[in-house]
Amino acid sequence: MIQGRRKHLIIAVAILALALALVAAGGCGSSGSSSSSGSTAPAADFVVGVAGPMTGQYATYGQSHKEGAQIAVDELNANGGVNGAKASFVIGDDLGDPQQAVLVAQKFIDDKSIVVVDGHQFSGATIAAGAKYQSAGMPMVSPSATNPDISTLGDYIWRICMTDAVQGAGLAKYSVEQLGKKNIAIIYDNSDYGRGLADAFASGVESDGGKVVEKQQYATGDTDFSSQLTKIKSANPDLLFMSGYYPEGSKIAQQARQLGLDVQLLGSDGYASDQLPKLGGAAVEGMLVSTFFDYTKNDPAVKKFVAAYKAKYKGNPDWFAANSYDVTMLAAKAAENAGKNDRTAINDALGSIGTYQGISGPITFDKNGDVQKPLSIVVVKNGKLITAPVQPPQQ
Amino acid sequence: MADDPQNVDVESGEAAGGRFRTRLNPIASAVLGGTSRRQRLVMAALLALAIILPFIVQEDRWVTLMTVVVIYVVLASGLNIVVGFTGLLDLGYVAFYAIGAYYTAIIFHNVLLVHYGVDIDKYWWLMWVNLLVGGLMAAGAGALLGYPTLRVRGDYLAIMTLGFGEIIRIVASNWVGLTRGPSGIPGIPKPAFLGYDFQSTVSLYFLGLALALLSLWVISRIVRSRVGRAWTAIREDEVAAEAMGIHTSRYKLLSYATGAFFAGMMGVFFGHYLNYISPSSFLLMQSFLILSLVVLGGMGNIAGPILGAVIWIGLQEYLNNFTFVQIHPETRGIALGLVLVLLMVFRPQGLLGSLRVALEMHPKTRAESEHERQEWSDALH
Amino acid sequence: MSSFAQQLVNGLMIGCLYALIAVAYTMVYGIIELINFAFGELFMFGAFITIMMMSKDITLFGHTAPMPHLSFFLAALIAMAVVGVMGVVIERLAYRPLRNAPRLAALISAIGVSVLLQNVAQAIYGSNQIPFPNIGLFTTAAGEPKSFAFGGVQITYFQLFVVAVTIVVMLLLTTFVRRTRMGRAMRASAQDKRTSALMGVNVNRVIALTFLIGSAMGALAGALYGGVYHAAWPLMGFTPGLKAFIAAVLGGIGNIPGAFLGGLTLGVIEALGSAYLPLGSQYRDAFAFVILILILSFKPSGLLGATVEQKA
């Protein structure tokens, strides 16, 4: 009964081993075996490696990221491509995990058609992958990784989002000086991002003359915040700063209202999405949110992007999409400046690009490949995110 | 030499026929021992492939993938000791992996770099020490965490171990002073030995492969010994084993500790390979994944986890090349779920499962032995 | 100290949700002695199907489809029916073939079903969180949940509704299991399947019915959970499923009032521990596991004692 099957099994396994060898050998032939929209492309094509969490619990961020890159690539191709060649992108799913990110990095590096990386999104993934890109000479521009350790990864590593330290300090100043709030409570997500931002915000508040009356933590994915909010309520704050992402944030706002905590809410950039009013409903009306991208801005480039996004994906773009768009367009501009679609050339061109006017604001790289950008604040009104009446100083 | 264990293929149930008795020399037998001829063929083929492939294949990404496979081979083999050989469903195995990784990261970063301010590259030898010490620390944790589970059966054991795994992850995420919390610990140096730096992907791969071969050799020795037989006895029938005079508690703890050791050791390697450690590498899903590798390949034998790791991870990577999968990544998860259910219903002993495990796991034969067990149990009490 | 009262009430509210799931869980576990890892996913589908029935339209597989726009109560009933059937199908396909197999096989199969369902949900509904529509009866005109204050404590009417439903379900199930013939058949099967079969109990049918009821209750819990937290997402079921199991163990596995008590206790410990222990809110998720370890180490039969023996 079992003996006959065993023989088949040996054969099956032998075939499998052979197949593996063939796949591997085949892999060294055509380097484009991993691409989705770009096939085995001649080196002249402008292929971007888009890396982010495409599956798993963070998939929605990867989705926006992908969409932004798509809009950029469509626009580039409509205008004749980059350096005369077609623009396209390849997706790498890093699941937001450093180890997967390294695998993705390796894949991108080995794919000779990829000339620049738009990613990664999460800081941990960016740190792990960044080391690989640096040693392989592949320029990488992150749209959203905010950990300070990224600044020192090397000269092939860039980012167009501001670090947590900068955003935290900026928001603290905004809260104390412009909004006039002195007793501030903080609730933050125990992630690299949430925690880092909360810490920077807290020290900013203290040094600007305000007082942090309560600081509470939660874990990504939590649904019940009543115990944290009850404690915050008894500390009597006049502002609640929420550092984290909107799926938890919408619930925090709802539960705060239910508990009778009726203070001004200020959310970090992780809240800047149309999903916030959708999920939060009436509870988030009037909430202020810091954003890297205000889609209601009266700016032709912004309007064009929003229109293109709406046409393709219905609904408004969030800043993940906007930043991804900016990274891709920025990289294309660098390639055009350099005159060729080549990794080192693009990297050099990035260094000398000066100030690039992105839809997320003016981008000027400092010596670490970081940017200084002004903050924008939006407010939730009638279920939409619109420009807030009080803005931080735009330097 | 009739009762020489190296000549009797009990695992394949062919002892009686004697047709497949092989007299390999002792060393080969020790490495490949405890397995049927079929399994030996598979392992030999894979080993040859493992050594040759990096030279055939030009691209780093495949070598990186193979390194990942090698890591998972050891992890799956370690878990196989606990789940496959001893029959303890450990769902928190990834915690031991984390312990090894964090141990070396903390030593190099917190202690050497931050506290003493030394040039960590000078301490290349420490990594090799840490491989052992990290493994031992994990082993200690394994015994410690295993202790409360001794009196507890199947399902509860699974959830308790799951709980332990989660607790360790939560501690790692929150004890910012020690582990830098969710930011993780960067800057762990690459392995080096007497001036030779393991910088290239291929060199790291071979280092990993060497560790894997060493681990597999050790595991196969242990499993073929009295200890291994005790484990199998516990898996098959704990009551009878106890009645036969086997200290089940002691052997169970040993099982946890041994399995954990390999996870811890690989954790140290992982830290120096990735140069960065964060809690997101040690999620519950990892424990499930490693379990799936063991189950797929075949529990309770040496070659099983190897095949499971190679097939599953290779398959994932292969599937990723399809646009459909890229757009609908849930299909990979659906495939994993289906594979697990179908395997358990139709072939619970996995691809390479031994006859022995098949007999245990198969409902029909199991029911009969249940009945016998009940009779024994009644007779003894 | 109204803050303490509020924390206590918070704990009881979460506790009730845990209790509802735990009650369903323990009833099923008592008979088949399998940790149904997929239970959290049935709970999740309960929430999603309720949302689907309540909405005017919804995006499925990336395409918008019109939906009946029913009331919450009707929607929840439909969800319960659908998920009940799902549970029966799962039992038939993934668990029944393994009934005589060792625990390991059945557990791994359950994990497989759980992973499968999570990803199927993600394929159908996408990975984003979906808002739960406001329930007319319990929502003010401004869109906020109707609530009231009682001795310095804020409670919403919907939360009260959840408490009421949980108590009613617990009483109904306890009566069913203790007083009816089918309930007797369930208890007999829980004790000894083979002998029950010899006594003329159709064990397969009993188990199928148990799954039907248990899954339907799980779906109800999902619908209520979605209503309380105003959202549903594919991964929402895993943690509540796990905590419900822990609550059931805490109360004594197989014991329905025990599961109710266990759920409430777990909720209160989480809320108070998070509020008053130093570093409490950071390690909140670990409380449930620590409780599990303590209970299994010191009093494995749970608070109210188990009706199933410990060592197999």
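Residues numbered from 1 in each chain as written. Chains lettered and ligands numbered in written order. Predicted model: local features only at pLDDT ≥ 70, side-chain atom pairs only at ≥ 80, totals over all residues. Heavy atoms only, no water.

Asker: Even after reading the chapter, I still don't get the sheet that holds strand β1 (residues 46–52) of chain A, so can you show me in this structure?
Answerer: Pairing between the strands of a sheet is mediated by backbone hydrogen bonds and can be parallel or antiparallel. All names here are of chain A. As summarised here, the arrangement of the five strands in space is β2-β1-β3-β4-β5, forming an open sheet in which the pairing is parallel. The strands lining the two open edges of the sheet, one partner per strand, are β2 (87–93) and β5 (157–159). Geometrically, the sheet is characterised by an average inter-axis angle of 25° between neighbouring strands, direction not taken into account. Looking at chain direction, β1 and strand β3 (residues 114–118) are connected through four bridges and run parallel. (Pairing = 2+ DSSP bridges. Helix = DSSP H or I, 4+ residues; strand = E, 2+ residues; numbered from the N terminus. Axes fitted to C-alpha atoms, helices over the stretch in contact; angles between N-to-C directions.)

Asker: For this particular structure, what's the right way to read the sheet that holds strand β9 (residues 264–267) of chain A?
Answerer: Residue and element names in this part refer to chain A. Reading across from one edge, β7-β6-β8-β9-β10-β13-β14 is the order of the seven strands in this open sheet, with mixed pairing throughout. Both edges of this open sheet fall to β7 (211–218) and β14 (384–387), since each of them pairs with a single strand only. Going from strand to strand, the sheet's axes swing by 25° on average, the running direction of each strand aside. Two strands pair when backbone bridges link them, and strand β8 (residues 239–243) and β9 are joined in this way by four bridges, in the parallel orientation.

Asker: What am I meant to see in helix α4 (residues 123–136) of chain A here?
Answerer: All names here are of chain A. Here α4 spans 20 Å end to end across 14 residues, near enough to the 20 Å set by a 1.5 Å rise per residue. Of all the bends in α4, the greatest, near 30°, is centred on Ala129. Counting buried positions over the 14 residues of α4 gives 10, a clear majority of the element. Every buried residue of α4 is listed here: Ser123, Gly124, Ala125, Thr126, Ile127, Ala128, Ala129, Gly130, Lys132 and Tyr133. Just downstream of α4 lies Gly137, where phi reads positive at about 70°. (Expected span 1.5 Å × (residues − 1). Bend = angle between axes of the 7 residues up to and from the residue. Buried < 20%, exposed > 50% of the residue type's maximum accessible area, 1.4 Å probe, protein only.)

Asker: Quick question: what am I supposed to make of the interface of chain A and chain C here?
Answerer: In many reports, interface size means the accessible area that the parts give up when they come together. Counting residues at the interface gives 33 residues for chain A, matched by 31 residues for chain C. A buried area of about 2500 Å², summed over both sides, lies between chain A and chain C, and 47% of it is on carbon and sulfur atoms. For chain A, the biggest contributors to the area lost against chain C are A:Ser227, A:Gln258 and A:Leu279; these three give 21% of the whole. Between chain A and chain C we count zero salt bridges in total. Seen at the junction of chain A and chain C, the total is 10 residue pairs in polar contact (both at pLDDT 80 or more). For the side of chain A that touches chain C, the secondary structure elements donating two or more residues are α2 (59–78), β7, α7 (226–234), α8 (246–258) and α9 (275–280) of chain A. Residue composition of the side of chain A that touches chain C, grouped by class: nine nonpolar, 16 polar and eight charged. (Contact = heavy atoms within 4.5 Å. Buried area = accessible area lost by both parts, 1.4 Å probe. Salt bridge = Lys/Arg side-chain N within 4 Å of Asp/Glu carboxyl O. Polar contact = N/O pair within 3.5 Å; in protein donor to acceptor, adjacent residues only side chain to side chain. Nonpolar A, V, L, I, M, F, W, Y, C, P; charged D, E, K, R; others polar.)

Asker: Just to check I follow, could you spell out the packing of aromatic side chains for this structure?
Answerer: Aromatic rings in a pair are described by how distant their centres are and how their planes are angled relative to each other. Scanning all chains against the criterion turns up 48 aromatic pairs over all chains. When the ring of A:Tyr309 is compared with that of A:Tyr313, the centres are 5.1 Å apart and the planes differ by 50°; the resulting orientation is tilted. Of this pair, A:Tyr309 and A:Tyr313 are both found in helix α10 (residues 300–313), four residues apart, which corresponds to roughly one turn of the helix. On the basis of an interplanar angle of 65° and a centroid distance of 5.2 Å, the ring pair of C:Phe43 and C:Tyr225 is categorised as edge-to-face. Residue C:Phe43 is found in helix α2 (residues 39–54), and its partner C:Tyr225 is found in helix α8 (residues 203–229); the two are separated by 182 residues along the sequence. Given a relative accessible area of 8%, C:Tyr225 falls into the buried group. Chaining the aromatic ring pairs together yields one cluster made of A:Tyr61, A:Phe122, A:Tyr193, A:Tyr245, A:Tyr246, A:Phe292, A:Trp319 and A:Phe320. (Phe/Tyr/Trp six-rings, centres within 6.5 Å; stacked < 30°, edge-to-face > 60°.)

Asker: Quick question: what am I supposed to make of the pairing of strand β6 (residues 183–189) of chain A here?
Answerer: On a regular strand, each side chain points to the face opposite its neighbour's, so the side chains alternate between the two faces of the sheet. All names here are of chain A. Counting buried residues in β6 gives six out of seven residues, a clear majority hidden from the surface. As paired strands, β6 and β7 are joined by seven bridges and run parallel to one another. Bridging from a neighbouring strand, Tyr188 pairs with Gln217 of β7. One crossover worth recording links β6 to the parallel β7 by way of helix α6 (residues 192–207), and it is right-handed. Inspection of the sheet shows β6 paired to β8 by five bridges, in the parallel sense. Looking at the pairing, Ile187 lines up with Met242 of β8. (Right-handed = clockwise from strand over helix to strand, strands pointing away.)

Asker: Is there a simple way to think about the interface of chain B and chain C in this case?
Answerer: Counting from both sides, the interface comprises 46 residues of chain B and, opposite them, 47 residues of chain C. Between chain B and chain C the total buried area reaches about 4200 Å² when both faces are included, carbon and sulfur atoms providing 74% of it. Applying the counting criterion to the chain B and chain C interface returns zero salt bridges. There are two residue pairs in polar contact (both at pLDDT 80 or more) connecting chain B and chain C. Where the side of chain B that touches chain C is concerned, the elements lending two or more residues are α6 (154–174), α12 (284–297), α15 (330–346), α16 (355–361) and α17 (363–380) of chain B. Broken down by element, the side of chain B that touches chain C gets its largest block of residues, 14 residues, from α6(B). Grouping the constituent residues of the side of chain B that touches chain C by class yields 31 nonpolar, six polar and nine charged.

Asker: Would you mind going over the confidence of the model for chain A with me for this structure?
Answerer: Residues shown with low pLDDT carry predicted positions that ought not to be read at fine detail. Per-residue pLDDT for chain A has a mean of 85; in total, 88% of the residues score no lower than 70. The low-confidence segment residues 22–43 of chain A, where pLDDT is below 50, has 40 contacts with residues more than four positions distant or belonging to other chains. (pLDDT = per-residue confidence, 0-100.)

Asker: Would you take a moment to explain the packing of helix α3 (residues 72–95) of chain C against α8(C) for this structure?
Answerer: Packed helix pairs are characterised by how far apart their axes lie and by the angle those axes make with each other. Residue and element names in this part refer to chain C. Relative to each other, α3 and α8 sit at 140°, their axes nearing to 7 Å. One element, α3, and the other, α8, form an angle in the oblique class. For the pair α3 and α8, the sense of crossing is right-handed. Of α8, the residues touching α3 (which contributes Phe72, Ala76, Ala79, Met80, Val83, Gly84, Val85, Gly87, Val88, Glu91 and Tyr95) are Ile207, Ala208, Phe211, Leu212, Ser215, Ala216, Met217, Ala219, Leu220, Ala223 and Leu224. Here the residues of the contact of α3 with α8 sort into 18 nonpolar, three polar and one charged. (Parallel < 35°, antiparallel > 145°, perpendicular 65-115°, else oblique. Left-handed = near helix turned anticlockwise from the far one by under 90°.)

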